[in-house]
Every structure is written in structure tokens, then in C-alpha cells.
Amino acid sequence: MGPGLGLAVALQVLALLASRGHGFPKPAGTDKAIHNRQLSVERPLEEQIAEAEADKNRKIAPTDDPDGLHQLDGTPLTAEDIVQKIAARIYEENDRGVFDKIVSKLLNLGLITESQAYTLEDEVAEVLQQLIANDAKNREKESEDFDYPASRADSDTKEKQQERMTPSKSDQDSFINGEVDDTLDNTWSSSNVLERRNELPSEDNFEDLQYFPNFYALLKSLNSETETKEKETLITIMKTLIDFVKMMVKYGTITPEEGVSYLENLDAMIAEQTKKKLENPSTKTRTKLTADKSSEEADSTKEEAAKMEKEYEFSKDSTKNEGQNAAGISEESRGKSEAYLEAIRKNIEWLKKHNKQGNKEDYDLSKLRDFIDQQADAYVDKGILDKEEADVIKRIYGSL
Amino acid sequence: MALSAEEGISFEYHRYAELREALVAVWLQCPAISRIYTVGRSAEGRELLVIEISDRPGEHEPGEPEFKYVGNMHGNEAVGRELLIFLAQYLCNEYQKGNDTIINLIHSTRIHIMPSLNPDGFEKAASQPGELKDWFVGRSNAQGIDLNRNFPDLDRIVYVNEKEGGPNNHLLKNMKKAVDQNPKLAPETKGVIHWIMDIPFVLSANLHGGDLVANYPYDETRTGSAHEYSSCPDDAIFQSLARSYSSFNPAMSDPNRPPCRKNDDDSSFVDGTTNGGAWYSVPGGMQDFNYLSSNCFEITVELSCEKFPPEETLKGYWEDNKNSLINYIEQIHRGVKGFVKDLQGNPIANATISVEGISHDVTSAKDGDYWRLLVPGNYKVTASAPGYLAITKKVAVPFSPAVVVDFELESLSERKEEEKEELMEWWKMMSETLNF
């Protein structure tokens with residue numbers, strides 16, 4: 001398998017998981033006692049936020065509030081609750097983007113300043129680490145159901161807790177940036193307890209991966225030096241997925257049996273995706289991935305996808321674009337995006353000018369955007385636009 | 001790459017992807033007055049793209065005439081294709097700049113622009129190496145069919161009808177199925193035929209290359225000889241239409257212009273125009289097919305001595321042709337036009353509009369609207385429909401704009417009812433007087 005293959009597969013799995021994750025109910029509540037012990041001093045910042053939001057959102061029913069600014073019983077959240085909820089959300093979705101979304105909303109509402117945003121980031125990081133660590137600790141309690149190996153950390157819980165209460169800034173940063181922190185690694189390594197499926201050698205740190213024979217096979221295939229980084233990333237992702245499932249079980253959202261079956265399904269899906277990828281050695285899956293991600297994803301991803309889609313198109317139908325080579329393609333799709341952007345800009349400028357002259361039709365950007373979106377889709381159906389061109393156009397309009 | 005001061009138009013050749021991109025860019029810049037659609041697919045699966053420019057794109061507004069430009073049906077005759085792309089960009093730009101002529105034109109006309117009817121041929125021709133493109137490679141479609149010889153030969157039928165009696169318009173009325181099932185027709189040809197049947201086009205031009213002249217019907221000679229002036233019933237208006245194109249193109253209308261090639265016979269050329277048959281006989285062409293199967297009057301414009309000239313010359317071709325292209329569209333607002341309705345105000349579709357002295361009729365569209373192009377003069381115009389009493393009106397037609405002549409037709413059954421009522425009245429009166 002090629003270097004991009006494994007990563008692509010795992011990313012797709014993760015994306016699917018994240019999107020499916022929305023269907024899973026959120027954790028019912030938190031262990032307030034533990035939390036309060038960590039944040040011993042009530043910060044004015046969090047109180048401000050809680051108060052302001054409670055005021056603003058008093059009329060919103062809990063079910064209507066997508067950002068979860070209320071408890072299930074409708075009482076407004078305290079400062080600690082908010083930090084906890086944000087951390088939990090990031091944990092569930094394994095996506096730092098969640099934090100960014102929430103913070104930018106708070107900033108836009110004028111509820112916090114930038115420096116307060118940074119402070120909030122620190123606090124969320126702290127809670128996030130706590131969640132992971134707690135979970136690792138609790139794993140021992142569920143070892144009957146999962147038969148996970150005992151972890152070294154269990155023996156020095158107290159010490160760990162103290163460590164965690166004053167995490168270093170660098171740890172927080174690295175955690176927020178999506179890297180796995182040391183605490184987690186420690187709990188995974190070492191153990192020789194491998195009762196079943198002992199073809200998996202323990203020095204590979206793959207104990208939990210006994211549930212993922214296909215994933216394991218995939219990892220095994222990544223042996224070259226160039227693929228080491230990818231291998232690491234894949235392992236991290238898988239570990240996070242397992243933690244997620246454990247979290248669900250811990251909070252009683254799913255039964256242990258469901259958890260196990262979910263993991264087994266995951267592995268089956270990996271097998272399927274791997275097989276598909278091998279049969280169809282194009283970049284199609286990559287572009288499917290970008291469609292799954294949020295629209296706030298960096299533009300470079302989409303451009304990359306656009307380039308690849310073009311390459312795929314060219315290899316598929318050489319008669320349509322004779323005399324062009326791969327090198328020219330990415331330039332062209334950039335040029336095309338620019339041409340479209342320029343055209344849209346001219347239209348907006350004209351509309352603004354036209355409107356200024358007091359014409360009866362008001363310049364309604366959202367209506368125009370809807371119209372363009374609709375037309376773009378219709379054009380894709382009729383073969384007038386490529387899907388990725390339509391996406392470029394929608395994205396440009398979306399950013400206006 | 002030749003860029004120009006004319007903003008937003010870059011004068012270079014567009015391959016299929018670039019053609020599509022250029023049309024999409026026009027649509028993005030002017031979404032309120034444009035719409036892209038496709039008339040079908042070429043033999044190799046490329047879309048036959050059309051961009052429509054009007055104030056209500058996608059809609060036929062009752063009374064608003066429909067116009068089309070079709071380019072590049074011979075794939076190696078490239079100038080028309082490019083001019084039509086430039087034209088689409090130009091119309092959008094000028095509309096936004098507040099150019100009143102263009103704004104009025106777009107508000108009063110539905111303009112359809114098909115830059116290429118033969119995208120497959122163009123790709124072949126464009127792939128030819130070197131500056132000089134071949135005289136033949138890329139001319140026909142991917143199946144080797146010359147699209148401008150592929151249309152059903154209605155001229156032949158008309159010439160027979162002229163001798164033996166029979167209609168000379170709408171000769172395809174019962175042939176839709178035959179067209180669909182005809183294996184000899186190229187997909188491009190079929191696409192265009194459906195297009196012509198679906199939209200009530202009034203005026204059209206078909207852009208070619210290889211010479212410099214505006215050519216009008218009939219293209220096929222009556223006797224079958226190689227060169228023979230073959231006038232159609234609307235010879236007068238066609239000469240005027242052809243001239244309306246050529247006179248705005250300095251090269252085309254230059255009386256001292258030498259022929260494109262030393263031994264060319266351009267003796268039939270007058271003021272940059274020519275009758276088709278007088279120049280050389282063309283059977284199965286799209287131009288005559290329009291005239292004989294529908295209401296649409298089409299001419300063929302040859303834009304350049306060289307079929308596929310160097311890219312650097314494109315800007316010059318645009319400068320030579322842009323006024324012609326606009327002026328020719330404006331010709332659609334000539335003659336008479338109006339609505340044919342019944343006494344209750346309901347539109348009568350497919351009513352016949354005939355003009356005394358011109359043996360060629362047009363028909364009303366589904367909203368009862370019709371347009372009849374005529375040179376200035378005094379005319380008697382008659383509207384008729386099965387089951388209705390025909391009405392004739394006298395009208396004096398100037399050069400432009402079109403004179404509005406509406407018709408309210410009384411149905412035969414209505415007239416019968418009236419007569420019956422009259423009769424009853426008379427009987428009543430008689431019986432009262434004579435005391436029955």
C-alpha cells in the first residue's frame with residue numbers, strides 16, 4: 001500500500017466516526033466533585049460568561065440549544081460546566097476546531113476578550129487532559145468487560161492527579177494541537193498481559209488493537225521509514241477512537257456489548273475501505289474526505305483535492321483534454337478559481353452599485369447565495385459544471 | 001496570449017474546458033441575466049453548451065423574440081467560436097457598465113449563444129501542430145459527418161412543392177419521430193433540430209470560416225447545377241439581413257477587397273453578401289433547414305479567409321465583427337409582431353400568419369405571439385387558424401421598430417351561435433308582427 005493510503009483510510013474512518021458521533025447522545029453529566037476539586041478558585045471570567053449566556057439564552061429550550069449552553073434540566077450552566085462541556089465536546093469529536101468555533105462565537109458576542117480567550121484555552125486543555133486521565137484510571141474498573149491490560153499508571157494514581165492539576169504549558173499546547181500527551185502513552189505501553197490473540201507481539205504497543213485485526217494488518221504493512229510518521233498518526237487515531245468508545249460506555253450511553261461490537265464494526269469497515277482503495281488506485285477517496293470535513297477546513301486541503309480531482313479526471317478521459325499534462329493542471333484549476341472569484345467579485349460590485357442607485361430590488365446576499373448554490377447543483381446534474389467547480393463556487397459565495 | 005484593454009476579455013483560443021470555464025465565468029459575473037444550458041452531447045460526449053442572455057433567463061416572455069448564434073459547426077472554422085465567447089463576455093460587461101443599447105437589447109430579446117456545435121471537431125483541429133491548421137482536419141464531427149450537409153434536405157421537397165403545389169414552411173411538422181429514429185443524423189444535428197423545435201426562434205446566424213461574406217437562402221440550387229441564384233420567397237428581407245451584418249464589418253463590405261484566394265470566384269458577392277445557391281450549391285445545410293422547418297430566418301456568415309488563423313489575430317477579428325454581431329441581433333425588431341387570440345382573450349397557438357405577395361408563412365407560438373420580419377413597405381397580413389374565421393389587416397411597415405398588429409379571431413362555432421341568435425330574433429319579430 002502506498003503512503004497516502006493508510007492515512008486516507010483512517011482519516012475517512014475518523015470522519016465517518018465524527019459524523020456518526022453526532023448521533024450518539026452526549027454524556028449525561030459530569031462528576032462535579034472531581035471537577036470542583038480541580039478548579040478550587042472560581043474565576044470571574046467563567047462566571048461572566050455563564051451569567052451573560054444564561055441571560056441571553058434564558059428563553060432557549062435545552063433541546064433547541066445546539067451548543068449545549070444549558071443543563072438538561074434547563075438550569076443555566078456554571079463557569080465550570082462550560083469549561084467541562086467544551087472539553088467533553090472536543091474529546092468526543094477529537095477536533096480542536098470545536099474549541100475555535102465556540103471561542104470565536106464568544107468573541108463575536110463580545111462576551112470575552114482575546115486574553116480571556118487564551119485563558120479559557122488553558123482551562124479547557126486542563127480539563128481535557130483530566131478526561132483522558134480519568135478514563136485511563138477507570139479502565140481498570142471495566143477490565144472485566146474489556147479485558148484491557150492493567151496499566152502502570154493505576155498504581156500511582158494520586159501522584160498522577162497532582163501532576164495533572166498543574167500541567168505545564170507545553171503539555172497543554174501539545175495536547176490542544178492534537179498530539180497525545182505522555183500520560184496516555186504511559187498507560188498504553190509496557191504490559192505483558194496478553195491473554196488472547198497472542199500473535200500480536202507486545203513490544204508493538206498494540207494490545208488494544210487485538211480488536212482490530214484488519215487495522216493491525218494495515219499497520220504491519222507500513223514498515224518503511226517514510227511511513228513511520230503515518231503509522232504513529234494511525235495509532236494515535238485508533239487509540240482516541242477506543243477512548244471515545246470507552247467514554248461512552250463509562251457514561252452509560254452504550255452498553256459494553258455495544259462498545260465491543262462498534263469496535264468490531266470499525267475494523268470491518270477498515271477492511272472494506274482498504275480493499276476498495278486497492279481496487280481503485282485514484283485520489284477519489286481523498287476528495288470524498290474533504291467533503292466530509294467542516295467548511296472551516298484550511299483552503300489548501302480543498303485546493304489539493306481540486307488538483308487531484310482534476311488529475312483523476314484527466315486520467316479517466318484523455319479525449320476531453322488533449323495536449324494538457326499534469327503539471328499544467330494545478331495551475332489551471334488555480335487559474336479557474338481565480339477567474340470565478342473575479343467574476344463573482346464583479347457581480348457583487350455591480351449589485352452594490354446598482355443598489356445604491358435606488359433600484360427597487362434590494363441587494364440580498366443570502367438570497368443570491370441560495371440561488372447560486374441551487375443553480376450550481378443543477379449545472380452539476382446537467383454536466384455543465386464539475387462537482388468540484390461547484391464546490392469552489394459555493395465556497396467563494398460562502399465566504400462573502 | 002493576447003490580452004486586451006477591453007476588460008475581462010482575453011483574446012485567445014478556448015479548448016473545451018476553457019470554453020466551459022469562460023461561459024461559467026460570464027454566468028457568475030451576470031447571474032441575473034444569464035443562464036447556461038446544454039442542447040445535447042456531441043458524439044464524444046462533450047456538452048453542446050449554450051449561454052442565454054436575457055432579462056429573465058430561462059423564461060420565454062410572451063411577445064419577446066428569440067435569437068440564436070451558432071458557431072464552429074465545422075470544427076476547424078474557429079473564429080466564430082471565439083467571437084461568440086467574446087460576445088457573451090461583452091454583453092455581460094456592457095450591461096454592467098450601463099450601456100443603454102445593450103441593456104435595451106437584453107431586455108427586449110432572448111439571446112442564445114452556442115459557441116460550438118462541433119466541439120469534438122475543434123479539439124481535433126486545435127491539436128494540429130504548427131501555426132497552419134489543415135483545411136479539412138476537424139471539419140466534420142467525431143463520426144466523420146459534415147454537420148452542414150447532415151440536415152434533412154427540405155429544399156428538395158420545397159422545390160417539388162413549388163412545381164406541384166404544397167407548403168413551403170414547417171415541413172418537419174410530422175417528422176419529429178422520423179428525425180429521432182434516423183440513424184444517419186449525427187447527435188449534434190439531432191440536438192439542434194430539437195432545439196429549433198422547442199424554442200420559437202425568429203432570427204439566427206450560423207458562423208463559419210474560410211471566406212468573408214454573409215450568405216442567405218436558398219443554399220441549394222433548384223436545378224441541381226453548381227452555381228445558380230436560388231431565391232427564397234423572403235429574398236428581400238434576407239438581403240437586408242445579410243447586409244445588416246456585412247455593412248458593419250469593414251473587411252467584409254470592402255468593395256475593393258481581393259478574394260481570399262487568387263482563383264476564388266466571388267462574382268456573386270454584392271456588398272459583402274451572397275445568395276447561397278449563386279455562390280455554390282449546399283444541400284442538407286442548417287441554414288435552409290431553419291427556414292423550411294420553423295419560423296426562424298437564418299443566414300450563414302463566413303468570418304475569415306483563414307479557417308483557423310493565429311491566436312494573435314483574434315483581437316482584430318473581434319474588432320471587425322463586434323458591431324456586426326450586435327447590429328444583426330437588433331434586426332429581430334423589424335417587420336410586424338403581435339398576438340393572435342380568440343374573442344375571450346385566450347392565446348391561439350400555431351395560428352398561421354401569412355403576408356400577401358410572400359409565399360412563406362410563419363406561425364404563432366404557444367402564447368399566441370408571432371413575429372414576421374419584413375422590409376419596409378405596405379402589406380396585408382392575415383391571421384388564420386383551424387376553426388376560426390381569418391382576419392386580414394393592412395399595415396405600413398417602416399425599417400424599424402416592428403409594428404404591433406394583434407388579432408382577435410372569432411371561432412366558427414361562435415359565429416354559428418351568433419347567426420342562430422340573429423335568426424331567433426328575426427323569427428320572434430316576425431311572429432309578433434304577424435301574430436303567429
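- The name given to chain B in an unreviewed UniProt entry is Carboxypeptidase E, with the source organism recorded as Taeniopygia guttata.
- Recorded in UniProt for chain B, the comment headed Catalytic activity (unreviewed entry) runs: "Release of C-terminal arginine or lysine residues from polypeptides."
- Per UniProt, the comment on chain B under Cofactor (unreviewed entry) is "Zn(2+)".

### Examining the pairing of strand S8 (residues 211–216) of chain B
All names here are of chain B.
Argument step 1. Within S8, six of the six residues are buried, leaving the element largely enclosed by the surrounding structure.
Argument step 2. Side chains Asp211, Val213 and Asn215 project from S8 onto one buried face, and the interleaved Leu212, Ala214 and Tyr216 project onto a second face that is buried too.
Argument step 3. By the bridge criterion, five bridges tie S8 to strand S10 (residues 297–304) in an arrangement that is antiparallel. Looking at the pairing, valine 213 lines up with glutamate 302 of S10.
Argument step 4. Sheet analysis places S8 next to strand S9 (residues 273–275), joined by three bridges and oriented parallel.

### Let's talk about a nonpolar patch on the surface
Argument step 1. On the surface, B:Leu423, B:Trp426, B:Trp427 and B:Met429 cluster together to form a nonpolar patch covering roughly 480 Å² of accessible area.
Argument step 2. Mapped onto the elements of the fold, B:Trp427 is located in helix H12 (residues 412–434).

### Let's talk about helix H11 (residues 213–221) of chain A
Argument step 1. Every buried residue of H11(A) is listed here: A:Phe215, A:Tyr216, A:Leu218 and A:Leu219. On an axial view of H11(A), the arc spanned by its buried residues comes to 155°, and they lie on one face.

### Considering unusual backbone geometry
Residues and elements named next belong to chain B.
Argument step 1. Residues proline 217 and tyrosine 218 are joined by a peptide bond in cis, for which omega reads 0°.
Argument step 2. When you line up the elements, tyrosine 218 lands in the loop between S8 and helix H8 (235–246).
Argument step 3. For the bond running from serine 400 to proline 401, omega is 0°, close enough to zero to count as cis.
Argument step 4. One can find proline 401 in the loop between strand S16 (391–397) and strand S17 (403–404).
Argument step 5. Phi at asparagine 72 is positive, roughly 60°, even though this residue is not glycine.
Argument step 6. Relative to the elements of secondary structure, asparagine 72 occurs in the loop between strand S5 (66–71) and helix H2 (79–97).
Argument step 7. Given the relative accessible area of 0%, asparagine 72 is considered buried.
Argument step 8. A positive phi angle, near 50°, is found at histidine 170, a position not held by glycine.
Argument step 9. Within the secondary structure, histidine 170 is located in the loop between helix H5 (154–164) and helix H6 (176–181).

### Quick notes on the UniProt feature "active site" (unreviewed entry) in chain B
Residue and element names in this part refer to chain B.
Argument step 1. UniProt tags Glu302 as "active site" (unreviewed entry).
Argument step 2. Inspection of the secondary structure assignment puts glutamate 302 in strand S10.
Argument step 3. A relative accessible area of 7% means that glutamate 302 is categorised as buried.
Argument step 4. Excluding its chain neighbours within four sequence positions, the residues that come into contact with glutamate 302 are His208, Gly209, Gly210, Asp211, Leu212, Val213, Met252 and Trp279.
Argument step 5. From its side chain, glutamate 302 meets the backbone nitrogen of glycine 209 in a polar contact 3.4 Å long.

### A closer look at the pattern of salt bridges
Two side chains of opposite charge can pair, provided their charged atoms sit close to one another.
Argument step 1. Across all of its chains, the model carries 33 salt bridges over all chains by this definition.
Argument step 2. A salt bridge links B:Glu52 to B:Arg110; its shortest N-O distance comes to 2.7 Å. Note that B:Glu52 is positioned in strand S4 (residues 47–53) and B:Arg110 in strand S6 (residues 110–114), a separation of 58 residues in sequence. Each member of the pair B:Glu52 and B:Arg110 is classed as buried.
Argument step 3. Of the charged contacts, one joins B:Lys420 and B:Glu417 as a salt bridge, the two residues approaching to 3.8 Å between their closest N and O atoms. Of the two residues, B:Lys420 and B:Glu417 are both situated in helix H12; the distance of three residues between them amounts to about one turn of the helix.
Argument step 4. B:Glu417 gets classed as partly exposed once you look at its relative accessible area, which sits at 41%.
Argument step 5. Ionic contacts of the salt-bridge type, sharing partners, join the residues A:Lys336, A:Asp386, A:Glu389 and B:Arg20 into one network.

### Examining the state of the cysteines
Residues and elements named next belong to chain B.
Argument step 1. Throughout the structure, instances matching the rule amount to two disulfides over all chains.
Argument step 2. At a sulfur-sulfur separation of 1.9 Å, the disulfide partner of cysteine 260 is cysteine 305. Linking cysteine 260 and cysteine 305, the disulfide has an S-S dihedral of approximately -70° and is accordingly described as left-handed. With cysteine 260 in the loop between H8 and S9 and cysteine 305 in the loop between S10 and helix H11 (314–330), this pair connects stretches of sequence that are 45 residues apart.

### Some points on the interface of chain A and chain B
Argument step 1. Contact with chain A, which involves 28 residues of that partner, is made by 24 residues of chain B.
Argument step 2. Taking both sides of the interface into account, the surface hidden between chain A and chain B amounts to around 2,300 Å²; carbon and sulfur atoms contribute 56%.
Argument step 3. Remark: the boundary between chain A and chain B carries two salt bridges.
Argument step 4. At the boundary of chain A with chain B, the tally comes to four residue pairs in polar contact (both at pLDDT 80 or more).
Argument step 5. When residues of the side of chain A that touches chain B are traced back to their parent elements, those giving at least two are helix H16 (326–356), helix H17 (365–382) and helix H18 (387–398) of chain A.
Argument step 6. For the side of chain A that touches chain B, the element with the most residues is H16(A), which contributes nine residues.
Argument step 7. In the side of chain A that touches chain B, the residues fall into 14 nonpolar, seven polar and seven charged.

Criteria and thresholds
- Residues numbered from 1 in each chain as written.
- Chains lettered and ligands numbered in written order.
- Predicted model: local features only at pLDDT ≥ 70, side-chain atom pairs only at ≥ 80, totals over all residues.
- Heavy atoms only, no water.
- UniProt positions renumbered as here; feature names shortened; annotations may be inferred.
- Buried < 20%, exposed > 50% of the residue type's maximum accessible area, 1.4 Å probe, protein only.
- Helix = DSSP H or I, 4+ residues; strand = E, 2+ residues; numbered from the N terminus.
- Pairing = 2+ DSSP bridges.
- Patch = residues over 30% accessible without salt bridge, like charges linked within 9 Å, V, L, I, M, F, W, Y side chains within 5 Å.
- Areas by Shrake-Rupley, 256 points an atom, 1.4 Å probe, with all protein chains shown as cover.
- Salt bridge = Lys/Arg side-chain N within 4 Å of Asp/Glu carboxyl O.
- Arc of directions from axis to C-beta.
- Contact = heavy atoms within 4.5 Å.
- Polar contact = N/O pair within 3.5 Å; in protein donor to acceptor, adjacent residues only side chain to side chain.
- Disulfide = S-S within 2.5 Å.
- Buried area = accessible area lost by both parts, 1.4 Å probe.
- Nonpolar A, V, L, I, M, F, W, Y, C, P; charged D, E, K, R; others polar.

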